[in-house]
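Working through the structure, step by step
Each chain, written out:
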Amino acid sequence: MSFTYRHRKTILIVLLVLIGSFSSIFYIYNNKKIFKKEHASVTKKKVMVKRKVESKKEEKKEEAKEVKVDVKGEVNSPGLYTLNDGLRVEDAINAAGGLTYNASTEVINLSKKLKDEMVIIVYSKEEVLNFTKTKEEEQVKQDKCLEGNGGIKNDACISDDTQSDTSTNSTVVNLNTATKEELMTVNGIGEAKADAIIKYREEHPFTSTEQLKEVNGIGDSIYDKVKDSFTV
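From a predicted model like this one, the values you see are computed outputs, not experimental measurements.

Parameters and conventions
Residue numbers run consecutively from 1 along every chain, following the written order of its sequence. The predicted nature of this model means local features are confined to residues of pLDDT at least 70 and side-chain atom pairs, given and counted, to a pLDDT of 80 or more, with totals for whole chains, interfaces and linings taken over all residues. Values shown for side chains rest on all heavy atoms present in the structure; no hydrogens or waters enter the calculation. By the criteria applied, helices consist of DSSP H or I runs no shorter than four residues and strands consist of E runs no shorter than two, each listed in order from the N terminus. Each residue gets one of three labels from its accessible area relative to the maximum for its type: buried under 20%, exposed over 50%, partly exposed in between, using a 1.4 Å probe on protein chains only. Residues are treated as being in contact if the distance between any of their heavy atoms lies within 4.5 Å. Using a 1.4 Å probe, accessible areas were evaluated by the Shrake-Rupley method; residue-level cover was limited to the displayed protein chains. Here, any two strands with at least 2 DSSP bridges between them count as paired. Take the buried residues of types Ala, Val, Leu, Ile, Met, Phe, Trp, Tyr and Cys, join any two whose side-chain atoms come within 4.5 Å, and each joined set is a nonpolar core. Helix span, as expected, comes to 1.5 Å for every residue beyond the first. Within 6.5 Å between ring centres, the rings of Phe, Tyr and Trp (the latter by its six-membered ring) count as paired, and their orientation is classed by plane angle as stacked under 30 degrees, edge-to-face over 60, tilted in between. Note on scores: pLDDT gives the predictor's confidence for each residue, bounded by 0 and 100. Think of a patch as exposed residues, more than 30% relative accessible area, with no salt bridge, where like charges cluster within 9 Å and nonpolar side chains (Val, Leu, Ile, Met, Phe, Trp, Tyr) cluster within 5 Å. In what follows, salt bridge is the name for a side-chain nitrogen of Lys or Arg lying within 4 Å of a carboxyl oxygen of Asp or Glu.

So, on to the overall build of the chain. Scanning the chain for helices and strands turns up 7 helices and 6 strands. The order of helices and strands in the chain, counted from the N terminus, is α-β-β-α-β-β-α-α-β-α-α-α-β. Across the 232 residues that make up the chain, the buried fraction comes to 25%. For the chain, the share of sequence-separated contacts (at least 6 apart) that also reach a separation of at least 24 residues comes to 45%. Looking at the chain as shown, the accessible area adds up to about 16,700 Å², and 54% of this sits on carbon and sulfur atoms.

The subject of this paragraph is the side chain of Ser124. Examined against the element boundaries, Ser124 turns out to sit in strand S4 (residues 118-124). Aside from chain neighbours lying at most four places away, what touches Ser124 is Glu74, Asn102, Ala103 and Ser104.

Moving on, we come to the pairing of S4. Strand residues, when the strand is regular, have side chains that alternate between the two faces of the sheet. Counting buried residues in S4 gives 5 out of 7 residues, a clear majority hidden from the surface. Pairing of strand S1 (residues 66-73) with S4 involves 5 bridges; the strand directions are parallel. When the bridges of S4 are listed, Val71 appears paired with Ile120. In the sheet, strand S3 (residues 103-104) pairs with S4 via 2 bridges, with the strands oriented antiparallel. Bridge assignment links Ser104 to a residue of S4, and that residue is Tyr123.

What follows deals with the nonpolar core. By size, the foremost hydrophobic cluster in this structure holds 19 residues, and its most contacted members are Leu183, Ile189, Ile197, Leu212, Val215, Ile218 and Phe230. Broken down by secondary-structure element, the contributors of at least two residues to this core are helix H6 (191-203) and helix H7 (220-226). Among the elements that take part in this core, H6 stands out by supplying 5 residues, more than any other. In contact with Ile189, not counting residues within four places along its chain, are Leu183, Met184, Ala194, Ile197, Ile218, Val226 and Phe230.

Judged by pairing direction, the sheet is mixed, and its 4 strands sit side by side in the order S2-S1-S4-S3 without closing on themselves. The sheet is open, and its two borders are formed by strand S2 (79-84) and S3, each paired with just one other strand.

The next subject is the environment of Val122. The residue Val122 is located in strand S4 in this model. Along the backbone, Val122 and Glu106 are 16 residues apart, and their C-alpha atoms lie at a distance of 9.6 Å. Look past the residues within four positions of Val122 in its chain and what remains in contact with it is Lys72, Gly73, Glu74, Val75, Ile93, Leu99, Ala103, Ser104 and Ile108.

The terminal C-alpha atoms of H6, which comprises 13 residues, lie 19 Å apart, in line with the 18 Å expected from a rise of 1.5 Å per residue. Looking at H6, one finds that the buried residues are Lys193, Ala194, Ala196, Ile197, Ile198, Tyr200 and Arg201.

Once that is clear, we can look at the packing of aromatic side chains. In total, this model carries 1 aromatic pair according to the counting rule given. Both rings, one in Tyr200 and one in Phe206, keep their centres 5.1 Å apart while their planes meet at 40°; by these two values the pair is tilted. Across the pair, exposure class does not vary: Tyr200 and Phe206 are buried alike.

Once that is clear, we can look at the pairing of S1. As paired strands, S1 and S2 are joined by 6 bridges and run antiparallel to one another. Within the sheet, the bridge partner assigned to Asp70 lies in S2 and is Leu80. Adjacent in sequence and paired antiparallel, S1 and S2 are bridged by 5 residues.

If pLDDT is low for a region, its predicted coordinates should not be looked at in detail. Per-residue pLDDT for the chain has a mean of 77; in total, 65% of the residues score no lower than 70. For residues 161-170, every residue scores under 50 in pLDDT, and the model assigns this stretch 8 contacts once sequence neighbours within four places are set aside.

Quick look at a nonpolar patch on the surface now. Judged by side-chain polarity, Leu15, Leu16, Leu18 and Ile19 come together as a nonpolar surface patch covering roughly 390 Å² of accessible area. Locating Leu18 in the fold gives a position in helix H1 (residues 3-63). Accessibility expressed as a relative area gives 41% for Leu18, which makes it partly exposed.

We now examine the pattern of salt bridges. Across all of its chains, the model carries 3 salt bridges by this definition. Ionic pairing is found between Asp70 and Lys72, a salt bridge with its closest N-O pair at 2.9 Å. Where salt bridges share partners, they join Lys180, Glu191 and Asp195 into one cluster.

Right, dumping it as structure tokens:
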């Protein structure tokens, strides 16, 4: 075997070794790049998922608003209660210790959603039986509250602004010719005030709506509220 042949064989072996080494290095390097890409992609997905979870938590926090409601009447613990927005009247009653043995829910919508500054009154069975009188007595007390004591205004009074305005009347009612029922269609005029208006006009026919302030039970605040609903 000549020197040239042996030399070529050695060179071939060295080349094969070098090629194998470079192939191994390229393979390892390429796999590392792929691994880094996959790792970066997984990390990015984890970050996105984490942000979505945090975002949902923030949305839930924003949704968990609270309202304050005043629960009165035939409940075991009347008072002011702070409850989660979206709860119902039934939940407010339960928070107030539940109904008393004498309570009636006949005229209450237990499924109604709570609103901030809501006033919930649970009536007794006797009050519901005589509901017209009960509502009229409440209206008188509310009117007295709105009129103030000694000229001092009480902004905490229950008024028609905090109640449903579905009973608001857009028709102008004649003070001298309207029936009792027609007078009562005006928001703020109940049975007692309608009777008082009729009694007054029998002795003093109305010549102006301002005479309403002379009717028993109708003060300046009530007059300001109903004056646009009457004519003479």
